[in-house]
Structures are given as C-alpha cells and as structure tokens.
Amino acid sequence: MSKCISVLGSTGSIGRQTLQVAEELGLRVAALTAGRQIDLLEQQARQFRPCLAAVYEETAARELRERLKDLPIQVMSGMEGLLAAAELAESDTVVTAVMGSVGLEPTLAAIRKKKRIALANKETLVCAGELVMAEAKKYGAEIVPVDSEHSAIFQSLQGCRDRSEIKRLLLTCSGGPFFGKSFAELEHMTAGDALRHPNWTMGAKITIDSATLMNKGLEIIEAMRLYGLPLSQVEAVIHRQSIVHSLVEFRDGAMLAQLGTPDMKLPIRYALTYPYRAETPDRTLDLLSCGPLTFSAPDETAFPCLHIAKQCAAAGGTACAIMNGANEVAVAQFLRGEIGFNDISRRVEQALSRVAVKYQPSLADILEADRLGREAAG
C-alpha cells in the first residue's frame, strides 16, 4: 500500500480525484505538477504541503514561485520539473496523470527509481509500451493501471496463474455521445456536442477521444502491452451503461468481470492501496436499480479512429507513436474549431501516410516519431 505519492498532472480530472482519495486514506503528498493551472496548483500546494511543485510552462512557474515564497516548497518547471517529481526519494508511488506523450520520460524515470507506477497516462504504453514494460521488469517496478478498463482487467486477473489461460480481454466502451450515428451524420458535430459524454466527467482531450473511439483504440494497445497479449486477444465491446468496466474470458469459457459505478475514484483507490482494498465513502453499485446491461459491437466505419489504432497496433514499431502524436494535434485543432470532427481521423491517416515507421525503435526514435506525427498532422 502506498504511503507517500507524487501526482503528475494534479490539476487534471484524475489528479484532482487522486488527491481526494489521498486525503481520505491519509497519504502524504511529496510532489504536485501541472501544465499551467497555477491557481488550482497553489491551492493544492497549500493544502497538501508537498516538498516540490512543478509547472510545465516556465512563465507560470515563475509566478507560482512568487506566490509560494512563504512556504518551504521548491518550484521547478519544464521536463526537468516533471522528472524531479517522478524521481523524488520521499514518494513510493508516482501517479502519472499528465495528458499525452509528455508522460513517457517521467514514467521511465520513476520506473528506474523502482517506484510503484499508478498509471493513468495511457499514451506512455501506446507510444513505448514494449520499452516501458521491459524497463519495469528490469528494475522491479510495479505498474498498477488506473484507467477503469485496465484496472478491471488487472483485478479480474488476480487469480490467473498463467497468461496461457486467457482466451481474450474484452474492454468495454460506452460508445460516447455519438453512439448509433453514421460517419456522414458526424461530419458537422461540434466540440460542444462531442464533450457531452453520457457517463463520465473527464478532461477535454480524453472526452473527444471517447467520442471518436480513439480512446478505445489506445486502450487496446495499452492492454496488449500491459498483459503481453497479441491484438487478436484484445477486443472492444460497446456497453452503454459503463457498469461492467471490462472482462476477461478464459480458455475454459469462464468470464470474470469487475462491476462498479462509473467513478474514477474506485480504480484510483485500488491502485494506491493494492493489494489491499480500502473502504469507500462513496455511493456503491446497486444492482437492483442500475437497469439492464447491454452489449454491442463497435462501428468502425462510423468511427474509423478505432480501426486506425488497431492497424497501428498490428504494425508495431513507431506506428503507434506517430498515430498518437497526430491524434493529439488533431484533437487540439478540433477543440479550437479549426477542423471538423471527422477531420480528426483524416489528419491521423494523413500523418501515418507521410511518416515512415521504424521497427525495434529506441526511445529517441519513439520521441522523434511522436514529433513527426504532430508535424504531419498540422
């Protein structure tokens, strides 16, 4: 069980909920980091009194440094600050809740310090999963997933003696706000439309990824890396109610699933207390009032991002890093109103057609593929 944590991305949705859980559990907080939201970061720093606070943007870091000068808190900036927070000796667990591929290097740094990784940054495994898992094995670092789907798989596999017993993993997906619509109907959807997720309250980027189903594609790749399985054994299924968070089917036909309310504090709490379970103060699932549970196949024609992600997973090498970088840029463009909803998948396909895939890549190759993917999508 964790005793002291560093929270990378503390001002985002996962970061804020992590701090709520940390307060409930009485955990110490050694470090907090944010991109630019210094008002909230200052509030968090004054409440939890970490020894380090880091802001990715230097200008914002200078302002935060001035605001916190009455407290013995070191304020750093940029990747240097993220790495310092990840490596901090005081913390035994690093919660990686930063958005995007910027989380890759801090996660690797924490792994090399043998920290527990409470992994909420799926892009780390999407871009460099094989490298990350190899480093975790080398240094004996524990990776406990925070994503609700991967936490469900993690929990369902607790009694699995051998990976050969697994027939397939089934990652559930709400279908987002546009479930049932055709590709043509999606052409003129706005950011406001796409941000209306039916079940979860999340940050803007992951909410758009959920609307395009790219998020489910990223999660398929993440599951492949976490559990060492081929694409043929990882599937997505639409489950509108977000009650069954994912399932494992075993070779004997048995299925194990984890059910619960759509509340991210459940997988966060488990990641911080594993292998123990802490009592929750929150509302729990009532099977008598949750209604029918339904399942259906995703429509990869209407939502081509899922198909693209699976293609990249099959290709391997730097394909996933190119795709991820391009998607981050395209989603940002869509949120700014510069491109349409269906243009997100078009920009990702454009980047993949322009950037060559490298196989057996180094970390430098992966970071360069990410950069080129962003550039090609712009």
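Before reading on, note that the structure itself is shown above.
*Asks:* It is not clear to me how the pairing of strand S11 (residues 255–259) should be interpreted in this structure. Could you clarify?
*Replies:* A regular strand places its side chains so that they alternate between the two faces of the sheet. With five bridges joining them, strand S10 (residues 244–250) and S11 adopt antiparallel strand pairing. Paired with Leu247 across the bridge in S11 is Ala257. A loop of four residues connects S10 with S11, the two strands running antiparallel in sequence, and Gly253 in this loop sits at a positive phi of about 95°.

*Asks:* Got a minute to help me understand the environment of Met76 in this structure?
*Replies:* With respect to the helices, strands and loops of the structure, Met76 is situated in strand S4 (residues 74–77). When residues no more than four places from it in sequence are discounted, the contact partners of Met76 are Leu52, Ala53, Ala54, Val55, Ala61, Arg65, Gly81 and Ala84.

*Asks:* I would appreciate a short explanation of empty space enclosed by the protein in the present structure.
*Replies:* Once rolled over the atoms, a probe with the size of a water molecule shows which space is left empty. The final tally for this structure, using the stated rule, is two cavities of 30 Å³ or more. By volume, the largest cavity amounts to about 60 Å³. Every residue lining the largest cavity is listed: Phe183, Thr212, Ala302, Phe303, Pro304, Cys305, Phe341, Asn342 and Ser345. Residue composition of the lining of the largest cavity, by class: six nonpolar, three polar and no charged.

*Asks:* I'm lost on unusual backbone geometry in this one. Help?
*Replies:* Of all residues except glycine, most have a negative phi; of all peptide bonds, most are trans. That bond from Tyr274 to Pro275 is cis: its omega, 10°, falls within 30 degrees of zero. The topology assignment puts Pro275 in the loop between helix H12 (265–273) and helix H13 (304–315). The phi dihedral of Lys114 is positive, around 60°, even though this residue is not glycine. Following the sequence through the fold, Lys114 ends up in the loop between helix H5 (104–112) and strand S6 (116–119). Judged by relative accessible area, which is 58%, Lys114 ranks as exposed. Positive phi values are uncommon outside glycine, yet Gln360 reaches one of about 50°. Along the chain, Gln360 falls in the loop between helix H15 (343–354) and helix H16 (363–377).

*Asks:* Before we go on, may I ask you to explain the sheet that holds strand S8 (residues 166–173) in this structure?
*Replies:* As a general point, the strands of a sheet are linked pairwise by backbone hydrogen bonds and lie either parallel or antiparallel. Read across the sheet, four strands follow the order S9-S8-S10-S11 without closing on themselves; strand pairing throughout is mixed. Every interior strand has two partners, whereas the edge strands, strand S9 (234–238) and S11, have only one. Direction aside, neighbouring strands of the sheet carry axes that sit 20° apart on average. Relative to S9, S8 runs parallel, the two being bridged by five bridges. Within S9, the position partnered with Leu170 by the bridge is Glu235. Against the sheet, helix H7 (residues 148–156) touches S8, S10 and S11, its axis set at about 40° to S10.

*Asks:* Is there a simple way to explain a nonpolar patch on the surface in this structure?
*Replies:* The grouping of Leu259, Leu287, Leu293 and Phe295 at the surface amounts to a nonpolar patch, some 360 Å² of accessible area in total. Counting through the fold element by element, Leu287 comes out in the loop between H12 and H13.

*Asks:* Would you take a moment to explain the pattern of salt bridges for this structure?
*Replies:* For side chains of opposite charge, pairing can occur when their charged atoms come near one another. Under the counting rule described, the total for this entry stands at 33 salt bridges. Put simply, Arg36 and Glu57 hold a salt bridge, and the shortest N to O gap is 3.1 Å. Of this pair, Arg36 sits in the loop between strand S2 (28–34) and helix H2 (38–48) while Glu57 sits in the loop between strand S3 (52–55) and helix H3 (58–67); the two residues are 21 residues apart in sequence, bridging distant segments of the chain.

What counts, and at which threshold
- Residues numbered from 1 in each chain as written.
- Predicted model: local features only at pLDDT ≥ 70, side-chain atom pairs only at ≥ 80, totals over all residues.
- Heavy atoms only, no water.
- Pairing = 2+ DSSP bridges.
- Helix = DSSP H or I, 4+ residues; strand = E, 2+ residues; numbered from the N terminus.
- Contact = heavy atoms within 4.5 Å.
- 1 Å grid on protein atoms, 1.4 Å probe; cavity = no way out; pocket = protein on both sides within 12 Å on 5 of 7 lines; lining within 4 Å.
- Points joined across faces, edges and corners; volume = space filled by probe spheres on them.
- Nonpolar A, V, L, I, M, F, W, Y, C, P; charged D, E, K, R; others polar.
- Buried < 20%, exposed > 50% of the residue type's maximum accessible area, 1.4 Å probe, protein only.
- Axes fitted to C-alpha atoms, helices over the stretch in contact; angles between N-to-C directions.
- Patch = residues over 30% accessible without salt bridge, like charges linked within 9 Å, V, L, I, M, F, W, Y side chains within 5 Å.
- Areas by Shrake-Rupley, 256 points an atom, 1.4 Å probe, with all protein chains shown as cover.
- Salt bridge = Lys/Arg side-chain N within 4 Å of Asp/Glu carboxyl O.

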